[in-house]
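One letter stands for each residue in the lines below.
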Amino acid sequence: YHILEKDKNGYILLSYYKPFCKSQMDRIYDTFGEEKFRRLVFFPAVDINNYLNLVKLMDVMLDPYPFGGCNTSYEAFDYNIPVVTLPTRFLNGRFTFGLYKKMGFIDMIATTADNYVKIAIKCATDKAWRQSIITKIKDNKYAIFMEEESVTDWSNMLEEKANEIVY
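Parameters and conventions
- Residues numbered from 1 in each chain as written.
- Predicted model: local features only at pLDDT ≥ 70, side-chain atom pairs only at ≥ 80, totals over all residues.
- Heavy atoms only, no water.
- Helix = DSSP H or I, 4+ residues; strand = E, 2+ residues; numbered from the N terminus.
- Buried < 20%, exposed > 50% of the residue type's maximum accessible area, 1.4 Å probe, protein only.
- Arc of directions from axis to C-beta.
- Contact = heavy atoms within 4.5 Å.
- Polar contact = N/O pair within 3.5 Å; in protein donor to acceptor, adjacent residues only side chain to side chain.
- Core = buried A, V, L, I, M, F, W, Y, C linked by side-chain atoms within 4.5 Å.
- Axes fitted to C-alpha atoms, helices over the stretch in contact; angles between N-to-C directions.
- Left-handed = near helix turned anticlockwise from the far one by under 90°.
- Nonpolar A, V, L, I, M, F, W, Y, C, P; charged D, E, K, R; others polar.
- Salt bridge = Lys/Arg side-chain N within 4 Å of Asp/Glu carboxyl O.

Novice: Even after reading the chapter, I still don't get unusual backbone geometry, so can you show me in this structure?
Specialist: For the peptide bond that leads from Tyr65 to Pro66, omega is 0°, which places it in the cis range. Considering the arrangement of structural elements, one finds Pro66 in the loop between strand S3 (61–62) and helix H4 (71–78). One non-glycine residue with positive phi stands out, namely Asn80, at about 65°. Inspection of the secondary structure puts Asn80 in the loop between H4 and strand S4 (83–84).

Here's what the structure looks like:
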């Protein structure tokens, strides 16, 4: 709501892969109002190539609070698309936070809901700042895509668990 209120040229794309029921759509409409509701673009389930083409077109991706993203953030980072996130206390709301920490910068990590809106607006409207974030992603995404420590840790843990299993 606040993002569209502050960015008069902004649009938010929302997937209805899982359809919204009438009461959800009514609540969204009532919250956003007619003018802002028209700037919500709902798209159906699409194949992976069409989805990735949508990702490539974005100025900024919104990590959905409180659930968060994981695969979606990886997909955005693969195309150097900034993702604004507000980490939660729970694992599912901390993946994007962790990816930024691995990449070594925290510019897109919000600390409050107001800060989330501020970062999203800045990224959407300040082309020079957005380009600086894109450059940081481009220069540092190897840390999340070529990172071996987690693979080794998982492999070791799985081997330990396998050794504990009695057949």
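From this point on, the discussion continues.
Novice: How should I be thinking about helix H3 (residues 48–57) in this particular structure?
Specialist: The periodicity of an α-helix, 3.6 residues per turn, causes residues three or four positions apart to be oriented the same way. Listed as buried for H3 are Tyr51, Leu52 and Val55. End-on view of H3: buried residues confined to an arc of 95°, all on one side of the axis. The exposed set on the far side of H3, more than 90 degrees from its buried face, consists of Asn49 and Leu57. Its buried side turned inward, H3 meets S3 and H4. Measuring from the backbone nitrogen of Asn49 back to the side-chain oxygen at the start of H3 gives 3.0 Å, which picks out Asp47 as the cap.

Novice: What is the right way to look at the nonpolar core in this model?
Specialist: It is characteristic of soluble globular proteins that their nonpolar side chains tend to be buried jointly. Counting residues in hydrophobic clusters, the biggest one holds 29 residues, and the most contacted among them are Met61, Phe77, Tyr100 and Met108. Take this core: its biggest share by element is six residues, from helix H6 (residues 113–125). The residues touching Met61, leaving out its near neighbours within four places in the chain, are Tyr51, Val55, Thr72, Ala76, Ile81, Pro82, Val83 and Val84. By size, the runner-up hydrophobic cluster in this structure holds six residues, among which are Leu4, Ile28, Phe32 and Leu40.

Novice: Help me understand the packing of H3 against H4 in this model?
Specialist: Axis separation between H3 and H4 bottoms out at 9 Å; the angle between their running directions is 65°. As for how H3 packs across H4, the hand of that crossing is right-handed. On the side of H3, the interface is formed by Tyr51, Leu52 and Val55, while H4 contributes Thr72, Glu75 and Ala76. Within the contact of H3 with H4, the residues separate by chemical class into four nonpolar, one polar and one charged.

Novice: Looking at this structure, I do not really get the pattern of salt bridges. What am I missing?
Specialist: Think of it this way: side chains of opposite charge can pair up when their charged atoms draw near. Scanning the entire structure with this criterion turns up eight salt bridges. In this structure, Glu34 engages Arg38 in a salt bridge whose closest nitrogen and oxygen atoms are separated by 3.5 Å. Residue Glu34 is classed as partly exposed on the basis of its relative accessible area of 47%. The exposure class of Arg38 is exposed, given its relative accessible area of 55%. The shortest N-O distance in the salt bridge between Glu164 and Lys161 comes to 3.9 Å. Here the residue Glu164 and the residue Lys161 both occupy positions in helix H9 (residues 149–164), the gap between them amounting to three residues, near one helical turn. Residue class for Glu164 comes out exposed when judged on its relative accessible area of 52%.

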